[in-house]
Amino acid sequence: MSYKEFTDRPGMRALNEAKDFDYTDSWVIEDGNIRWVGYQGGQESAFTKEDFGSFRLFVTMRITETVTPNSTHLAVMIWGKRPAEGTYGSKGFVSIIPPNTWMWDYRRDCWIYAQKRYEHNLAQEEWHEVEILADIKRGHIRTAVDGLETIDYFYQHDLKDLVAGPIAFQQHWDGIPEYKDIYIEVDPKDADKLLTVKE
């Protein structure tokens, strides 16, 4: 189920302009599209200027170039402290990698193994509609890709580690990512329901 039918519901708003983000000139943000145009071979993110704790996020994403398997990916990072001014690194964040149905812990530099993970062999080079449901009070993350539930995870460490912070859209290694049609709903009332997944 497409998330487009939910973008006008009360509390939902778009994050689609350059003024909504903190980023370097390695990114171009225009017409609701965030695209990497910088050097391939590093790691850098575009961060929302606003901080978020519990939320529902919709985003459409893809990588536009051939990528090195397991070295590059699309990622949305949450629950970390905003980096120092002028820096755009990943330290301290929980990284959600939707098309691959992976997660990474940048606090401990290790994989996160979700209690429930549903692998669907989704190609990163194709556009995918993603829904992320994050509840910081319980450390609960659920995701759906193209209407299919992919991750159901409860944070396994001290919940005090988690902080409301920016949402980061990552460029990783030699990938050229694009993110578009980004919408967010803060503190959703139906916080346990993925809207794009048919029950």
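In short, a report on the structure. All of these numbers come straight from a predicted model, not from anything done at the bench. (Residues numbered from 1 in each chain as written. Predicted model: local features only at pLDDT ≥ 70, side-chain atom pairs only at ≥ 80, totals over all residues. Heavy atoms only, no water.)

### Examining unusual backbone geometry
Okay, step 1: Its identity is not glycine, yet Asp 31 carries a phi of approximately 50°, on the positive side.
Okay, step 2: Relative to the assigned elements, Asp 31 resides in the loop between strand 3 (27-30) and strand 4 (33-36).
Okay, step 3: Here Asp 31 falls in the exposed class, since its relative accessible area comes to 81%.
Okay, step 4: A positive phi angle, near 55°, is found at Asp 146, a position not held by glycine.
Okay, step 5: In this structure Asp 146 comes out as partly exposed when scored by relative accessible area, which is 35%. (Helix = DSSP H or I, 4+ residues; strand = E, 2+ residues; numbered from the N terminus. Buried < 20%, exposed > 50% of the residue type's maximum accessible area, 1.4 Å probe, protein only.)

### Looking at the pattern of salt bridges
Okay, step 1: The full count for this structure, using the stated rule, is 18 salt bridges.
Okay, step 2: A salt bridge links Asp 190 to Arg 9, with the nearest nitrogen and oxygen atoms 2.9 Å apart. Taken as a pair, Asp 190 in the segment after strand 16 (177-186) and Arg 9 in the segment before strand 1 (12-14) lie far apart in primary sequence, 181 residues in all.
Okay, step 3: The class for Arg 9 is partly exposed, based on a relative accessible area of 22%.
Okay, step 4: Among the charged side chains, a network of salt bridges with common partners joins Arg 9, Arg 56, Glu 131, Glu 185 and Asp 190. (Salt bridge = Lys/Arg side-chain N within 4 Å of Asp/Glu carboxyl O.)

All quantities given are derived from atomic positions and should not be read as evidence of function.
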